[in-house]
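For reference, the chains in residue letters:
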Amino acid sequence: MDATKVNLMLNPRTIFLPLILTVTAATGCSAHATIPVPTTDVPLAAHSGKQVAIFAGGCFWGQQAVFERVKGVVATTAGYDGGTADTATYDQVSSEATQHAESVKVVFDPAKISYGTLLRIFFSVHDPTTLNRQGNDVGTSYRSAIFITNDEQRRIAAAYIAQLNAAKAFPHAIVTQVVPDKGFYDAESYHQDYALHNPGDPYIMVCDRPKIDTLKKEFPNLYVEYHGK
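The structure displayed is predicted, hence computed values, not measured ones.

Before going further, it helps to spend a moment on the overall build of the protein chain. On a plain count of helices and strands, the protein chain comes out with 9 helices and 8 strands. The proportion of buried residues among the 229 residues of the protein chain is 50%. In the protein chain, the proportion of contacts linking residues at least 24 apart, taken out of those at least 6 apart, comes to 82%. With the model as given, the accessible surface of the protein chain reaches about 10400 Å², and the carbon-plus-sulfur share is 57%.

Written out as structure tokens, the structure reads:
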């Protein structure tokens, strides 16, 4: 049997799908209405270029599916961050013993979209108040985290979290980590653009399609259709 199919069959998201569907029928998979605009941000750059942002907010399928549909985003990659290179494989990360989080690397054009706007989208499509959990996906690999790549990102992210907490934008305090990028490692090829290639997957329909719908509804000026590379 094809190795990719074997790997997907052993995926906890597939094995526990009946439980996921039962739980999400009652709780959903945490796609929220738009939250306030960051008061601390940087203006759009005068010249185009490329910058990198790295976010972790549960299953990387859904996070990538959102950000690859954002105007101003040049490229996205599903992967792992927070651990070391020798443990950056799906099987090892799924053991919850690697310190990696399922993440998405977002390459964006700062002349078209700001880092603060990317943060606003990130906080709008996952629950940043549940520790090591998104819906029925439980473990440190599903934690909410922002892997900052420079001091400016740290400043903006910290200020925005303080702003959201002060405004009580969520019913509970935000637990999102703001930590340095230790090194981003690409996930296996079958994880890349997974939601795009598998729109009928029940997990995608229940947990990740609502995130895309939130982006389209709450950020209509930023939403673009994505058809793959």
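Having seen the structure, we can now continue with the description.
Our focus in this paragraph is the confidence of the model for the protein chain. Across the protein chain, the average pLDDT comes to 88, with 86% of residues at 70 or higher. Note that residues 1–10 has pLDDT below 50 and, in this model, 13 contacts with residues that lie over four places away or in other chains. The model gives residues 14–28 a pLDDT under 50, and that stretch makes 18 contacts with residues more than four places away or in other chains.

By size, the foremost hydrophobic cluster in this structure holds 48 residues, and its most contacted members are Phe55 and Phe123. Here this core takes 6 residues from helix α6 (residues 115–124), the largest share from any one element. Leaving out residues up to four positions away in the same chain, phenylalanine 55 has contacts with Phe67, Glu102, Ser103, Val104, Val106, Tyr115, Leu118, Leu119, Phe122, Ala145 and Ile146. In this structure, Ala56, Ala145, Phe147 and Phe184 belong to the second largest nonpolar core, which totals 6 residues.

With respect to the helices and strands, the residue serine 48 is situated in the loop between α3 (17–27) and β1 (51–57). Here serine 48 falls in the exposed class, since its relative accessible area comes to 58%. Taking the C-alpha atoms as reference points, serine 48 and aspartate 109, 61 residues apart in sequence, are found 5.9 Å from one another. What serine 48 contacts, discounting residues up to four positions off in sequence, is Asp109 and Ala111.

About the cut-offs
Residues numbered from 1 in each chain as written. Predicted model: local features only at pLDDT ≥ 70, side-chain atom pairs only at ≥ 80, totals over all residues. Heavy atoms only, no water. Helix = DSSP H or I, 4+ residues; strand = E, 2+ residues; numbered from the N terminus. Buried < 20%, exposed > 50% of the residue type's maximum accessible area, 1.4 Å probe, protein only. Contact = heavy atoms within 4.5 Å. Areas by Shrake-Rupley, 256 points an atom, 1.4 Å probe, with all protein chains shown as cover. pLDDT = per-residue confidence, 0-100. Core = buried A, V, L, I, M, F, W, Y, C linked by side-chain atoms within 4.5 Å.

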